[in-house]
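Analysis of the macromolecular model
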Amino acid sequence: MAKKKRGRHGKGAAAKADKHTLYQDSVQDPELDLDLAERVFRRFYDRPARKLREDFSGTALMACDWVKRHKQNFAWAIDLDPDPLDWGREHNVSQLSEEQSSRVELILDDVM
């Protein structure tokens, strides 16, 4: 007897998984990326970076991690898709303190 194929919206584990969580866990490494950005900025400008513009930000994970690093850090997370920005607001920005979240701005727009 042939196995029944599960379509794109089947009941398998992949169909139940949160695509934004999977994206963050598989694609992003904010700690490594921010360490590199800080090192390069300091090398060129001989001072610490305090502002971050995260283009194509998706869930704004990097922007949120940026403001956690220092009380003078500010971040703008820009994306054209409202879905990941809304998810990031709910799952990432909401985990910040009130003071930290006041230093993150999520912008729905084209980075151009």
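Before any of the text, the structure's been laid out above.
Residues numbered from 1 in each chain as written. Predicted model: local features only at pLDDT ≥ 70, side-chain atom pairs only at ≥ 80, totals over all residues. Heavy atoms only, no water.

Points about the overall build of the chain
Secondary structure summary: the chain contains 6 helices and 3 strands in total. By residue count, 33% of the 112 residues in the chain fall in the buried class. Excluding contacts between residues fewer than 6 apart, the proportion of contacts in the chain whose partners are at least 24 apart in sequence is 61%. In the structure as shown, the chain presents an accessible area of about 8300 Å², 52% of it carried by carbon and sulfur atoms. (Helix = DSSP H or I, 4+ residues; strand = E, 2+ residues; numbered from the N terminus. Buried < 20%, exposed > 50% of the residue type's maximum accessible area, 1.4 Å probe, protein only. Contact = heavy atoms within 4.5 Å. Areas by Shrake-Rupley, 256 points an atom, 1.4 Å probe, with all protein chains shown as cover.)

With respect to the pairing of strand β1 (residues 51-55)
Of the two faces of β1, the one lined by Leu52 and Glu54 is fully buried and the one lined by Lys51, Arg53 and Asp55 carries no buried residue. Taken together, the 5 bridges between β1 and strand β2 (residues 74-79) define a ladder with parallel strand orientation. Residue Glu54 lies in a different strand from β2, and its bridge partner there is Ala77. Regarding topology, helix α4 (residues 61-69) serves as the crossover connection from β1 to the parallel β2, and that connection is right-handed. (Pairing = 2+ DSSP bridges. Right-handed = clockwise from strand over helix to strand, strands pointing away.)

Some points on the packing of helix α2 (residues 19-27) against helix α5 (residues 82-91)
Orientation of α2 relative to α5, taken along the N-to-C sense of each, is 80°, at an axis distance of 10 Å. As summarised for this structure, α2 and α5 are arranged roughly perpendicular, according to the angle between their axes. Between α2 and α5, the residues in contact are Lys19, His20, Thr21 and Gln24 and Asp83, Pro84 and Trp87, respectively. Along the lines of polarity and charge, the residues of the contact of α2 with α5 split into 2 nonpolar, 3 polar and 2 charged. (Axes fitted to C-alpha atoms, helices over the stretch in contact; angles between N-to-C directions. Parallel < 35°, antiparallel > 145°, perpendicular 65-115°, else oblique. Nonpolar A, V, L, I, M, F, W, Y, C, P; charged D, E, K, R; others polar.)

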